[in-house]
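Single-letter residue listing:
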Amino acid sequence: MGEFTERGGYDFMDVFMKTASGTKSNRMERSKIIDLAQARKIEAVLVTELSRWGRSTQDLPDTLNKLSGWKVSVVAMSGLTFELDTPHGRMMATMLAGIAQFEQELISERVKTGLATARARGKN
């Protein structure tokens, strides 16, 4: 991460580790970042993947719009920057949010199917 921030010309502030499911909107570490953004203490948020920020087609654009309103960019380590004040940025964020939500729903279905199969075999 340090290499990425140096190459991009960013000053590194802190690391916030994901500790809750990406499907939950009340995530303590993400809330800290949003508070920093609202207080204008940061200019950008670096995420390993956009899907780590949010996995819902409603939550992701909502939080990205909040950040954009505070002039805070979201930068993925893939190099994508999500500037929601442009049509291209809004389209990319919406598409990626849909893919992330689809991925999360597939994982959920697989887990439920696996649990049902295990129960059918008499396992707890």
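Below is a summary of the structure that appears in this document. What you see is a predicted model; the values in this text were computed from it and never measured.

### Looking at the overall build of the chain
Now for step 1: The helix and strand tally for the chain stands at four helices and three strands.
Now for step 2: Secondary structure elements of the chain occur, N-terminal to C-terminal, as α-α-β-α-β-β-α.
Now for step 3: Looking at the chain as a whole, 31% of its 124 residues are labelled buried.
Now for step 4: Considering only contacts within the chain whose residues lie at least 6 apart along the sequence, 58% involve residues at least 24 apart.
Now for step 5: Summed over its atoms, the accessible surface of the chain is roughly 8,400 Å², and 53% of this surface lies on carbon and sulfur atoms.

### Focus: the pattern of salt bridges
Now for step 1: Counted under the stated rule, the structure contains two salt bridges.
Now for step 2: In this structure, K32 and E29 form a salt bridge, with 3.0 Å as the shortest nitrogen-oxygen distance. Taken as a pair, K32 and E29 lie in helix α2 (residues 28-38) at a separation of three residues, close to a single helical turn.
Now for step 3: Using a relative accessible area of 37% as the deciding quantity, one classes K32 as partly exposed.
Now for step 4: Using a relative accessible area of 16% as the deciding quantity, one classes E29 as buried.

### Re α2
Now for step 1: For α2, every residue scored as buried is listed here: E29, R30, I33, I34, L36 and A37. End-on, the buried residues of α2 take up no more than an arc of 160 degrees, which puts them together on one face.
Now for step 2: Elements that come into contact with the buried residues of α2 comprise β1 (44-47) and α3 (59-69).
Now for step 3: Backbone geometry just after α2 places R40 at a positive phi near 60 degrees.

Calculation rules
- Here the residue index of a chain counts from 1 through its sequence in written order.
- Only residues with pLDDT of 70 or above have their local features reported here, since the model is predicted, and side-chain atom pairs are shown and tallied only from 80 upward, although totals for entire chains, interfaces and linings are computed over all residues.
- The side-chain figures draw on all heavy atoms in the structure; neither hydrogens nor water molecules are used.
- Only DSSP runs of H or I covering at least 4 residues are called helices, and only runs of E covering at least 2 are called strands; the numbering of each starts at the N terminus.
- Between buried and exposed lies partly exposed: a residue is buried under 20% and exposed over 50% of the maximum accessible area for its type, with that area taken using a 1.4 Å probe on protein chains only.
- When checking whether two residues touch, look at their non-hydrogen atoms; a contact exists if any pair is within 4.5 Å.
- Accessibility throughout is a Shrake-Rupley quantity obtained with a 1.4 Å probe, and a residue counts as covered only by protein chains that appear here.
- Whenever Lys or Arg places a side-chain nitrogen within 4 Å of a carboxyl oxygen from Asp or Glu, that contact is recorded as a salt bridge.
- As used here, the arc is the angular range of directions from the helix axis to the C-beta atoms.

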